[in-house]
Amino acid sequence: MRCIIVLSALLCLTAPLWPQIGMDYARTIWRATDGLPEDTVQAIAESTQGELWIATTGGLSLFDGARIRAFSPDSISRMGANSVFSLLVEKDGTVWAGTEGAGLIRIHGGEVKLFSASDGLTDGFIRRVLRDRRRRLWVGTDDGLFVQQGQRFVRFDATGNVPRMAVHGLTEDAQGRVWAGGSELICIAPDGKVTSFEVPGEYSESRVKTILQTQDGSVWVGTVGGLAVLKGDRFTPLPGLHATVRTMLQTQDGTLWIGTIGNGLWRWRNGVLAEITPHGLLPSETILSLCQDSSSQLWIGTQNGMVRLNSTPVHVLSLPRGSDSDFETLSGDTRGVVYVAAQKLYRIEDGAAREEKLPELGPVSVRNVFTSREGERWIGTDGGGAYRISPSVAVLHYSAPRELTNNFIRAFLESRDSAIWIATDEGLSSIGRDGIRKFTEASGLAYFSTRCLLEDRSGTIWIGTDRGLSAWREGHFIANEATRVLAHEKVWSMLEDHAGTLWFATRDHGLFRDQGGALGQITMRQGLPSNGIYQLLEDRRGNLWMTGPNIIASTPVAQMDGPLPTADRPASVTVYAAPFGAEDAQFYGGRQPAGYLAPDDSVWFPSTRGVAHVDHAAAPPHGPPPRAVLLGIEQDGRPTTTSDGVVDARVTRVSLLFSAIDLRPRGDLRLRYKLDGLDHDWIPSGPDERATYTNLKPGHYRFRVQAFEGSQPEQLSEASVAFVKNRVFYQAAWFYVLCLLLAGVLSWAIYQVRIRQIATRFAAVLEERTRLAREIHDTVIQGCTGLSVVLEAMAVEEAHRQSESSPLLGVAREQTRGVIDEARRAVWNMRSDDGQVVDLAQTLRLLAEQTMREHREIRVEVCASHNIDLRAAVHHEVIMVVREAVNNAVQHSGTGRIAIASMQNDRGLEVQVVDDGIGIASDQLLSPTPGHFGLIGMAERMKRLGGTLKIEAASDGGTSVVLRVPVRSRVRGIA
């Protein structure tokens, strides 16, 4: 498990604050439980990609700042190269790893090659690797110094005047000389001249372990017996350090760091050698390797894990009686003296904290201290009310219920009229020239639990409470936009900046800005490190300082003057790491003052580990921005690579894994992602550093992830990957087209089957009707016809006789003729075929001929100059109406002439039947004669056709019947 610890030390009552070495560093440790192959870290080097190569006794690893990945390709495993002792990373990214026994490994572009005895390296224990300015590769081993020539290594020592030697230290100085040290110490000039040097120490104490040239040109050697520096042409031992010096590193600030075997970490600065003494800072006293990365962080390889030290401007001063009380506030005066109220009152001056006695108050628990403009000190207590200490008068005590609403004091404020406002756990009091006033909810206060007080430039006094905000102006409470918006907020701190903008810090929902009456909100989504803000301060450099439950942060006020930060353009916020020993510090808030701006522009905040002092001038410089990387894609929980770019159509859950290569603490790192084609805004990443999408529609997508530091949101890096979500076959366009085609074919087939069924049924019906018609024709009609012939003959014979039976014969003749006509019409109907086409003009002529044969006294004329083709069903209905009209004229009008005219045009068919008889009365049209249904039947037939029927008296006498049938008429009611 990774352990994050911060540097601090317990101080005695009067101990100075800053001389302790290690007080200004935060520490993080990684061990095998965090992913290292083994705890013993022998070498550390930063790659060109910003990652760390870590060499351990159990193998080689890569670290991106968040996770450790073992570098163990099969080729290395087969080599048996588990223990790696030394590392060299070249500018082109090539990595040289010296093993203990297996030889030298080269890693370049994904290719791994081992150089061993077959390549000229006769000793496999590689202690140091160096690439000099002339591009020569030097290799120091337990038995010999080698230089690469082509693809082979040639031994440099044990030839000529160069003694045989073990080489544990290699470096190149500013003059281009190569120094090699081990059992001997030699210097190889650019012209090849070799010079030997003696190293101080008895016997094995003179063996060289490491060599380094510092920025001032001094050459240092670490030996088994200690540390020596070259002065002139001789090495002189450095007093004060008698231990095996395994490694050395000079950081950018000029500090020389010295790692020893068994004696911990030392440093040489400004001519002073000092041991890093805080107990527990390092997990082991054996320091094996040192490295400074591009962010100026110090990495330490030990026998019990890897350590990162981060410089921080935060220093923590413990109080003499300890911290972690129920409350703690602090204030200061113009001289820079800091007062801390934590049940007792403490005074911090010259880097030391001392308890300050207040005998005039007695045994009270001090909550806060306030100094008025006239120099009077007001002491707020925890249950004892408030005390006023003035040099000119005796101590005055204010308490509830006489002067105060409550005896638990939370804040003081001196208004411009010199009145002292006192906020308590249950209400507010004002003590001024006009006397004492007390305010509660009954008198208009937003809530009884008051937290903070502020008077702005306009003279308005703001009161922050645990449920809302109150504003007092000109003797009464007022309502405005701020009091309305913050009506339910816990307002714990307030500030008016140099531009007159009001800031309200809330316990749960970030910051609120009141700029000219317009309120805006800033939360973690817009860049804040926490939504719980305890204290606000503005320094003289224009920085807004804030504390939260466990953070100290600052942001430039100027960037807040214009448009408020957004998720796409977050605020630039710097978070300051707590030092060693205060990693679990919680900051106090809700009682004022919970922060102090000193005359030197440093800031002070109370915490459970003591008083935190932040020297902004000592803040470390910003490093390079983090580099966003994509790690892979999971499809329904199954890992895949981002190079595939294809998501299976059946996948319902897609997870994209990402991270950032950033060796700094992750607390200031910000990651956000966006899926183009789906997400409209950037989404802040959660701690799991993954984005999961369910039920993505088929299509093309691009996933983007951005990484940046909260203090530098404008400097970001981005990584992206494009992928396509395949379609299931039933989601493809061809499938829909095929379905439409199949549906069309199926519909056509069903239609054809239905048509065939209808045709079959119609054929059966038609066959039956034909059979019945045939039977009727062959039986009834034939019999009636024969009877009609006989009756006709009898009528002719009896006409001559003038017998008495002639009236009866006439009746019989008429009835027989009627039966025959009805039978013929029935046969006509039965033989009609709706699918046939019949010429109406021809049928009208036949009708006229038949009528004239049966009624010789009547002449029937047909006017139809061309063929009129109609479907059989329509033809039948039309001819039935025309026949009924002709029969009516014959039987009822007494006409001698009937005219039938037909005409067809684009609007439809029109047929007119006109006679010259006696005409028809209008009452017969409205009320047909009972028992006669001819006119009704004609109208019904035309209605079935969707046509019209018009019967009226003709202009010159007689009757006119006009029927009109529209184009494409279908017989209604017939399937």
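Everything quoted here is computed from the prediction, not taken from an experiment.

Give me the overall build of the protein: which residues, what numbers.
Looking only at helices and strands, one finds eight helices and 73 strands in the protein. Out of the 975 residues in the protein, the part that is buried amounts to 51%. Put simply, 54% of the contacts in the protein that link residues at least 6 apart link residues at least 24 apart. Accessible surface, the protein as shown: approximately 45700 Å² in total, 51% of it carbon and sulfur.

Before we move on, could you go through unusual backbone geometry and cite the residues and values that matter?
Between A400 and the following residue, P401, the backbone shows a cis peptide bond with an omega angle of 5°. Among the secondary structure elements, P401 is positioned in the loop between β38 (396–398) and β39 (409–414). At the junction of Q592 and P593, the peptide bond is cis and its omega measures out at 0° in the coordinates. If you trace the backbone, P593 turns up in the loop between β54 (574–575) and β55 (596–597). Phi angles above zero are rare outside glycine, and D350 is one such case at about 60°.

Help me get a handle on the sheet that holds β55, residues and values and all.
Across the sheet, which stays open at both edges, the four strands sit in the order β30-β57-β56-β55 with antiparallel pairing between neighbours. Each having just a single partner strand, β30 (314–317) and β55 make up the two edges of the open sheet. In this structure, β30 lies alongside strand β57 (residues 610–614), joined through four bridges in antiparallel fashion. From the neighbouring strand, L317 faces β57, where its bridge partner is V611.

Mind laying out the confidence of the model for the protein, listing which residues take part and the relevant values?
Averaged over every residue, the pLDDT of the protein is 86; residues scoring 70 or more account for 87%. Taken together, the stretch residues 1–23 has pLDDT below 50 and engages in 77 contacts with residues farther than four places along the chain or on a different chain. Overall, residues 970–975 carries pLDDT values under 50, and its contacts beyond four positions in sequence, including any with other chains, amount to 13 contacts.

Summarise helix α6 (residues 872–893); cite the residues concerned and give the values.
Taking 1.5 Å of rise per residue, 22 residues should cover 32 Å, and α6 covers 30 Å from first to last C-alpha, within 8% of that figure. With 17 of its 22 residues buried, α6 lies for the most part within the structure. Following α6 by one or two positions, G894 adopts a phi angle in the positive range, close to 70°.

An account of the packing of helix α5 (residues 840–854) against α6 is requested, with residue identities and associated values reported.
Axis separation between α5 and α6 bottoms out at 11 Å; the angle between their running directions is 25°. The angle between α5 and α6 places the two elements in the roughly parallel class. Helix-helix and strand crossings are classified by hand; for α5 and α6 the assignment is right-handed. On α6, the residues that touch L840, T843, L844, L847, Q850 and T851 of α5 are H875, V878, I879, V882, R883, V886 and V890.

Quick rundown of the UniProt feature "transmembrane region" (unreviewed entry) in the protein? Include the residues and the values.
According to UniProt, the positions carrying the feature "transmembrane region" (unreviewed entry) are residues 733–751. The distance from the first to the last C-alpha atom of residues 733–751 is 27 Å, and the span holds 100% helix and 0% strand.

Quick one: what's the story with the packing of aromatic side chains, residue by residue and with numbers?
On inspection of all chains with the given rule, the structure shows 29 aromatic pairs. Through pairs of rings, three or more aromatic residues link up here, namely F370, W378, Y398 and F412. Above the plane of the ring of F115 lies K113, whose end atom (NZ or CZ) is 5.0 Å from the centre. Over the ring of Y339 we find R377, and its NZ or CZ is 4.9 Å from the ring centre.

With reference to specific residues and values, describe the pairing of β57.
With five of its five residues buried, β57 lies for the most part within the structure. Relative to β57, strand β56 (residues 603–607) is paired through five bridges, and the arrangement is antiparallel. Across the sheet, residue F605 finds its bridge partner in β57, namely A612. Count of turn residues in the β56/β57 antiparallel hairpin: two residues.

Quick one: what's the story with the pattern of salt bridges, residue by residue and with numbers?
Taken as a whole, this structure holds 47 salt bridges when the rule is applied. The residue K357 makes a salt bridge to E355 at a minimum N-O spacing of 3.1 Å. Here the salt bridges share partners, and the residues they tie into one network are D64, R67, R666 and E689.

So what's going on with the sheet that holds strand β73 (residues 959–966)? Residues and values would help.
Ordered in space as β68-β70-β71-β73-β72, the five strands form an open sheet in which the pairing is mixed. Every other strand in the sheet has two partners, leaving β68 (859–863) and β72 (948–953) as the edge strands with one partner each. Looking at each pair of strands side by side, their axes are set apart by 10° on average, direction ignored. As paired strands, strand β71 (residues 908–915) and β73 are joined by seven bridges and run antiparallel to one another. Across the sheet, the residue bridging to E910 is R964, located in β73.

Report on the side chain of D173, specifying residues and quantitative values.
Its location among the elements puts D173 in the loop between β15 (167–172) and β16 (178–182). Separated by 3.0 Å, the side chain of D173 and the backbone nitrogen of Q175 make a polar contact. Here W179 takes part through its side chain, which lies 2.9 Å from a polar atom of the side chain of D173. The residues touching D173, leaving out its near neighbours within four places in the chain, are R133, W179 and Q213.

Residues and numbers for helix α8 (residues 934–945), please.
Taking 1.5 Å as the rise per residue, α8 with 12 residues should run 16 Å; its terminal C-alpha atoms sit 17 Å apart, in good agreement. For α8, the set of buried residues is M938, M942 and L945. The arc that holds the buried residues of α8, viewed along the axis, is 55°, so those residues lie on one side. In this structure, the buried side of α8 is in contact with α6, β72 and β73. Positive backbone phi, approximately 75°, marks G946, located one or two places after α8.

Go over the side chain of D539 with me, naming the residues and quoting the values.
Secondary-structure assignment places D539 in the loop between β51 (535–538) and β52 (543–547). The side chain of D539 is buried and forms no salt bridge, while R541, the nearest opposite charge, is found at 5.5 Å. Looking at D539, its side chain comes within polar contact range of the main-chain nitrogen of N543, at 2.8 Å. A distance of 2.9 Å separates a polar atom in the side chain of D539 from a polar atom in the side chain of W545. Apart from the residues within four sequence positions on either side, D539 is in contact with W545, L597 and D601.

So, the nonpolar core: which residues are in play, and what are the values?
Judged by nonpolar contacts, the single largest core of 30 residues is most densely connected at L840, V878, V882, I898 and I900. Going through the elements one at a time, α5, α6, β70 (897–905), β71, α8 and β73 are the ones with two or more residues in this core. Broken down by element, this core gets its largest block of residues, 10 residues, from α6. Not counting chain neighbours up to four residues away, the residues in contact with V882 comprise L844, L847, I900, V911, V913 and L963.

So what about a nonpolar patch on the surface? Which residues, and what values?
A grouping of W734, L738 and L742 is seen on the molecular surface, where their side chains present a nonpolar patch of about 320 Å² in accessible area. Along the chain, W734 falls in helix α3 (residues 733–801). You can call W734 exposed: its relative accessible area is 52%.

Would you mind going over the environment of Y25 in detail, with residue names and values included?
With respect to the helices and strands, the residue Y25 is situated in strand β2 (residues 25–30). The spatial distance from the C-alpha of Y25 to the C-alpha of L309 is 5.8 Å, given a sequence separation of 284 residues.

Account for the environment of Y673, naming residues and giving values.
Structurally, the position occupied by Y673 is in strand β62 (residues 669–676). Distance in space between the C-alpha atoms of Y673 and E689 is 9.7 Å, their sequence separation being 16 residues.

Cut-offs and rules
- Counting starts from 1 at the beginning of each chain's written sequence and moves along it residue by residue.
- Since the coordinates come from a predicted model, pLDDT governs what is reported: local features require at least 70, and pairs of side-chain atoms require 80 or more to be given and counted, while whole-chain, interface and lining totals use all residues.
- Values reported for side chains reflect all heavy atoms of the structure, with hydrogen atoms and water molecules removed beforehand.
- Numbering of helices and strands runs from the N terminus, with a helix taken as a DSSP run of H or I at least four residues long and a strand as a DSSP run of E at least two residues long.
- Accessible area is worked out with a 1.4 Å probe on protein chains only. A residue is then buried under 20% of its type maximum, exposed over 50%, and partly exposed in between.
- Here a residue-residue contact requires only that any non-hydrogen atoms of the pair lie within 4.5 Å.
- The Shrake-Rupley method, run with a 1.4 Å probe, gives the accessible areas here. Residue values count only the displayed protein chains as cover.
- A pair of strands is labelled paired if DSSP reports no fewer than 2 bridges between them.
- Across the chain, each position has a pLDDT score giving the predictor's confidence in that residue, from 0 to 100.
- Expected span of a helix, by definition, is 1.5 Å for each gap between consecutive residues, and there is one gap fewer than residues.
- Fitting a line to C-alpha atoms yields each axis, with helices limited to the stretch in contact; the angle taken between N-to-C directions then spans 0 to 180 degrees.
- Should an angle fall under 35 degrees it is called roughly parallel, over 145 degrees roughly antiparallel, and 65 to 115 degrees roughly perpendicular, with every other angle called oblique.
- Helix crossings are classified by the rotation of the near helix relative to the far one: an anticlockwise turn of less than a right angle makes the crossing left-handed, while a clockwise turn makes it right-handed.
- UniProt positions are given in the numbering used here, feature names are shortened, and annotations may be inferred rather than shown by experiment.
- When two rings of Phe, Tyr or Trp (its six-membered ring) have centres within 6.5 Å they constitute a pair, described as stacked for plane angles under 30 degrees, edge-to-face for angles over 60, and tilted for the intermediate range.
- Lysine NZ or arginine CZ positioned within 6 Å of the ring centre and within 35 degrees of the ring normal marks a charge as sitting over the ring.
- Counted as salt bridges are all cases of a side-chain nitrogen of Lys or Arg within 4 Å of a carboxyl oxygen of Asp or Glu.
- Polar contact criterion, stated in full: a pair of N or O atoms within 3.5 Å, where within protein one must be able to donate a hydrogen and the other to accept it, and residues adjacent in sequence count only if both atoms are side-chain atoms.
- Each direction from the helix axis to a C-beta atom contributes to the arc, which is the arc of those directions.
- Just so you know, the count uses Lys and Arg for positive and Asp and Glu for negative, and it drops His and the chain ends.
- Buried Ala, Val, Leu, Ile, Met, Phe, Trp, Tyr and Cys residues form a nonpolar core when they are joined through side-chain atoms within 4.5 Å.
- Think of a patch as exposed residues, more than 30% relative accessible area, with no salt bridge, where like charges cluster within 9 Å and nonpolar side chains (Val, Leu, Ile, Met, Phe, Trp, Tyr) cluster within 5 Å.

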